[in-house]
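# An overview of the molecular structure
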Amino acid sequence: MDSLIIRGGNRLGGTLTASGSKNAALPIMAATLLTPESCTLHRVPILRDTDTMVTLLSSLGAEVSRRDDKAMALQSSALHQLKAPYELVKTMRASILVLGPLLARYGRAEVSFPGGCAIGSRPVDLHIRVLEAMGAVVEVAEGYIIADAPTGLSGAEFTFDTVTVGGTENAVMAAVLATGTTVLRNVAQEPEIIDLLGFLQQMGAKIEGVGTDTLTIEGVASLSGASYHVMPDRIEVGTYLVAAAATGGRVRIEGVAPAALGVVRDALQQTGAVLSEGADWICLDMEGRRPQAVDIVTAPFPGFPTDMQAQFIALNTIAEGRSTVIETVFENRLMQAHEMKRMGAEIDIDGDTARITGRPALQGAPVMASDLRASASLVIAGLVASGETRIDRIYHIDRGYENIEGNLQCLGADIRRISA
Ligand code: EPZ
């Protein structure tokens, strides 16, 4: 297993180009199952998770090929099986996103029941309930979700009692080929969902209410292939901007959709950073200053994204002042705080709340990654710690960040990957 070795203290400076969004690419790749025609996706990030999705789609019988410019051709003209096996689903929970499209197009799907993960139990009850509302018969047997709709899915009205990104995505991908009209209420509105809806509309899907909490979907008989550019990854961009602010640096990121950053921009400005932006770029300048501490409460979009919480905790550990970070989306997403305490961070965890007292610096230490965004926060902590930090189990990072050490080296960080 690889590790990252970081010698902290360097101020980040320079320019990066954003990657395509992992959390948009994964549902969009799954959505190509909805048509027998060929689809071309651009700006598909090269990650463990997108590689896993390629393996999963190929195992179903899809033809998937990458070009070297991060474009990807996908075609599911005739699948030879409709089962997403445990061996793949256990490595990536987002595999469940093939459930809706397989059911919609083939009337059957078997997906290994995704277990919990480090950040929480991650139930999928709402995915199942909305598909049952559309007429699917769903049972869970021997660790698999087995969904059948032999006569096809029918439009339905359904209200999500919890805002769920994946549940919304599965519901929409099922509804676009259902017979009749589906009305989904209290849907998730993350930018990645808007991107999926844009791709589905490009395929010929009839979807109203994009950007609101209610979607009305008129089922169609079939969908065509499409070509589509995956949106930039707002969480990757936010991660590098937080690293720039924490180190007192100046970083410009190009190929960005600044509006998708939403309230993360406000939080970055509260650190005292100077932000500037254009149509497709954003620049953060901390002007060599120590950041101010920022209070955070996570919430579904347009609230503060839970995927940016750990990164701000890392910044707050060396910021001026005290701060409170409250995680409302997942029940166990503050664990990286315990690893940061090994680096001298002053953090008290009380249920869903982290109370942080900023210190002038952390001390480098060997630490262990536990999930994707927690790993990124340990990298940020290493960048601002004195001495050397070794982060083990960085396969977590490789799931969601393209070449993180290469990008940070370009920005002047003293960071290298070692293979154990
Ligand atoms: C997506 O996960 C993202 N993953 C996550 O990013 C992100 O943190 C999360 O949305 C929230 O924004 C992808 O897009 C691949 P949810 P998802 O369903 O869809 C509860 C990352 O780091 N819930 O919106 O699994 C659930 O327990 C990853 O890139 C139910 O109760 O998240 C949670 O408390 C981590 N029943 C809340 O909803 C259900 O059927 C939000 O989960 C489904 C969810």
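Each remark here, short or long, concerns the structure printed above.
These figures come from a predicted structure and were not determined experimentally. (Residues numbered from 1 in each chain as written. Predicted model: local features only at pLDDT ≥ 70, side-chain atom pairs only at ≥ 80, totals over all residues. Heavy atoms only, no water.)

## Here's the deal with the environment of Ala-244
Along the polypeptide, Ala-244 turns up in helix H8 (residues 234-246). Distance from Ala-244 to Ala-273, taken between C-alpha atoms, is 9.3 Å for residues 29 residues apart in sequence. Non-local contacts of Ala-244, meaning those with residues more than four positions away in its chain, are made with Leu-12, Gly-249, Val-251, Leu-284 and Met-286. (Helix = DSSP H or I, 4+ residues; strand = E, 2+ residues; numbered from the N terminus. Contact = heavy atoms within 4.5 Å.)

## Here's the deal with the environment of Thr-151
Mapped onto the elements, Thr-151 comes out in the loop between strand E9 (144-148) and strand E10 (157-159). Sequence separation of Thr-151 and Asn-23 is 128 residues, and the distance between their C-alpha atoms is 31 Å.

## As for the pattern of salt bridges
All chains considered together, the criterion is met by 22 salt bridges. Residue Asp-49 pairs with Arg-399 through a salt bridge whose shortest N-O separation is 2.8 Å. Separated by 350 residues along the polypeptide, Asp-49 in helix H2 (residues 48-60) and Arg-399 in the loop between helix H13 (395-398) and helix H14 (404-410) bring together distant segments of the chain. A relative accessible area of 3% means that Asp-49 is categorised as buried. Overlapping salt bridges, with partners in common, bring together Asp-2, Asp-398, Glu-405 and Arg-417 in one network. (Salt bridge = Lys/Arg side-chain N within 4 Å of Asp/Glu carboxyl O. Buried < 20%, exposed > 50% of the residue type's maximum accessible area, 1.4 Å probe, protein only.)

## Some remarks on the site of the ligand
In the vicinity of the ligand there are 22 residues, among which Asp-125, Thr-164, Val-165, Asp-307 and Val-329 approach most closely. Asp-125 is positioned with one of its side-chain polar atoms (N or O) 2.7 Å from a nitrogen atom of the ligand. Within the side chain of Thr-164, one N or O atom sits 2.7 Å away from an oxygen atom of the ligand. Considered on its own, the ligand offers 830 Å² of accessible surface; in the complex 86% of this is hidden by protein. At the level of elements, helix H1 (22-31), helix H5 (125-133), helix H6 (165-175) and helix H12 (372-384) are the ones that each hand at least two residues to the shell around the ligand. In terms of residue count, H5 provides more of the shell around the ligand than any other element does, three residues in total. In terms of residue class, the shell around the ligand is built from nine nonpolar, six polar and seven charged. (Near = heavy atom within 4 Å. Polar contact = N/O pair within 3.5 Å; in protein donor to acceptor, adjacent residues only side chain to side chain. Areas by Shrake-Rupley, 256 points an atom, 1.4 Å probe, with all protein chains shown as cover. Nonpolar A, V, L, I, M, F, W, Y, C, P; charged D, E, K, R; others polar.)

Distances and angles like these do not, on their own, reveal function.
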